[in-house]
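# Summary of the model geometry
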Amino acid sequence: MPELPEVETVRRGLAPVLEGQRLSRVEARRADLRFPFPDGFVQRLTGATIQRLERRAKYLMGVLDRGETLVMHLGMSGRFEIARPEGTVRPGEFVYAADPDPKHAHVVFETQAGGRVTYYDPRRFGYMALIETATLAEHPWFAGLGPEPLSEAFNAQGLQAAFAGRKQGPKTLLLDQRVVAGLGNIYVCEALNRARISPFKPAGSISPRKLPGLVAIIREVLEEAIAAGGSTLRDYASADGALGYFQHRFRAYGREGQRCLNEGCAGVIAREVQAGRSTFFCPVCQK
């Protein structure tokens, strides 16, 4: 599933063609994705202007001039294709990404300026909704979310409070969207490896002195991934054709049996299943 950097990559790719643009035509080619489209979905969007395109955790949000926000989640295989008057940009040139199949083109947005954005989703695990902007923070999808990891609200003091007395490993807690919003398995593995913190050790036993460094490393990993366009694992690609190559920078994730890249460490990356997910770590420097 696309994680925060992948969703931010999509947001940045869509922004030039959607932000500040009036939707002249909207087409929903089926009644639902993961969930049914809201009542009057097409009619409520047609003629609306997308004032700005935002991201919260792993959600894309188009704030409309009509007091509503278009909320979009990519699920596991949601992707966008952008067509402008000067030509089409189709993600999928990357070796792991198949070209969008027209039979999976479920939603089309056309702008008054001539842009066209098509949403593809073969597995239909993505979803879209229209939510009143003024009450967005109170909606069940957002009400319980923790701070954004790239914001000042995410800090060592907050982590210390979340970890205090907890027997779960730090990886489990960092994946809890109530602790911090938008982190997923890939980047948590990467951050813990760089911070040399065990993913299994009870979080409550981690020295508070290590937490400022962990916060800084989480930001560093995410910013590197965003700059690289995400990780583009399997069938994921960004909206504007800028394909992600962060997977070539992975220091832990997917590197089972390879040498740990942390300075001065002679360990070998191992993999264990933790809460149903693969955890990649170095048993030497992440004791």
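Scroll up for the structure.
Our subject in this report is the structure included herewith.

Time to look at empty space enclosed by the protein. Summed over all chains, the structure comprises one cavity of 30 Å³ or more. Volume-wise, the largest cavity comes out at about 40 Å³. Surrounding the largest cavity, L18, I50, L70, M72, F80 and F109 form its lining. Split by residue class, the lining of the largest cavity holds six nonpolar, no polar and no charged.

All right, on to the packing of helix α1 (residues 4-18) against helix α6 (residues 211-227) then. Direction vectors running N to C along α1 and α6 enclose 40 degrees, while the axes themselves pass 9 Å from each other. Here α1 lies oblique to α6, going by the angle between them. In the packing of α1 onto α6, the handedness of the crossing is right-handed. Judged by residue contacts, L4, P5, E8, T9 and R12 of α1 engage L222, A225 and I226 from α6. By residue class, the composition of the contact of α1 with α6 is five nonpolar, one polar and two charged.

This part takes up the nonpolar core. Core analysis: the largest hydrophobic core is formed by 29 residues, its most contacted members being L159, F163, L174, L183, L211, L214 and I218. Residue assignment for this core shows that the elements contributing at least two residues are α3 (156-163), α4 (170-174), α5 (185-195) and α6. For L159, the contacting residues outside a window of four places in its chain are F154, L174, V179, L211, L214 and V215. Of all hydrophobic cores here, the second largest spans 27 residues; its members include L45, A48, L53 and L60.

Bringing unusual backbone geometry into the picture now. At R196, a residue that is not glycine, the phi angle is positive and equals roughly 60 degrees. Secondary-structure assignment places R196 in the loop between α5 and α6. Relative accessible area serves as the criterion here: at 31%, R196 is assigned to the partly exposed category. One non-glycine residue, A275, lies in positive phi territory at about 55 degrees. Relative to the helices and strands, A275 resides in the loop between β10 (270-274) and β11 (277-281).

The next thing to look at is α3. Taken together, the buried positions of α3 are A156, L159, A162 and F163. Projected down its long axis, α3 shows its buried positions confined to an angular sector of 125 degrees, all on one face. Seen from the buried face of α3, the exposed residues on the opposite side, beyond 90 degrees, are Q157 and A161. In this structure N155 caps α3, since a side-chain oxygen of it lies 3.2 Å from the backbone nitrogen of Q157. Directly beyond the C-terminal end of α3, a positive phi value near 70 degrees is found at G165.

Thresholds applied
- Residue indices begin from 1 for each chain and proceed along its sequence in written order.
- Given that the model is predicted, a residue must reach a pLDDT of at least 70 before its local features are reported, and side-chain atom pairs must reach 80 or more before they are shown or counted; all residues, however, enter totals for whole chains, interfaces and linings.
- Values reported for side chains reflect all heavy atoms of the structure, with hydrogen atoms and water molecules removed beforehand.
- A 1.4 Å probe that fits but cannot get out identifies a cavity on a 1 Å grid over protein atoms alone, an open set with protein on both sides within 12 Å along at least five of seven lines counts as a pocket, and a residue lines either if it has an atom within 4 Å of a point.
- Grid points are joined across faces, edges and corners, and a volume is the space filled by probe spheres set on the points.
- Classification convention: Asp, Glu, Lys, Arg as charged; Ala, Val, Leu, Ile, Met, Phe, Trp, Tyr, Cys, Pro as nonpolar; all other residues, Gly among them, as polar.
- The convention used is that axes are lines fitted to C-alpha atoms, helices contributing only their stretch in contact, and that angles between N-to-C directions extend from 0 to 180 degrees.
- In DSSP terms, a helix is any run of H or I states spanning at least four residues, a strand is any run of E spanning at least two, and both are numbered starting from the N terminus.
- Orientation categories follow fixed angle ranges, with anything under 35 degrees roughly parallel, anything over 145 roughly antiparallel, 65 to 115 roughly perpendicular, and all other angles oblique.
- Each crossing gets its handedness from the near helix: less than a right angle anticlockwise from the far helix is left-handed, clockwise is right-handed.
- Here a residue-residue contact requires only that any non-hydrogen atoms of the pair lie within 4.5 Å.
- Here, nonpolar core means buried Ala, Val, Leu, Ile, Met, Phe, Trp, Tyr and Cys residues that are tied together by side-chain atoms lying within 4.5 Å of each other.
- Only protein chains enter the accessibility calculation, which uses a 1.4 Å probe. A residue is then buried if its area is under 20% of the maximum for its type, exposed if over 50%, and partly exposed in between.
- Taking the helix axis as origin, the arc is that swept by the directions to the C-beta atoms.
- Distance and chemistry together define a polar contact, namely a pair of N or O atoms within 3.5 Å, with one atom able to donate a hydrogen and the other to accept it when in protein, and with adjacent residues in sequence counting only for side-chain atoms on both sides.

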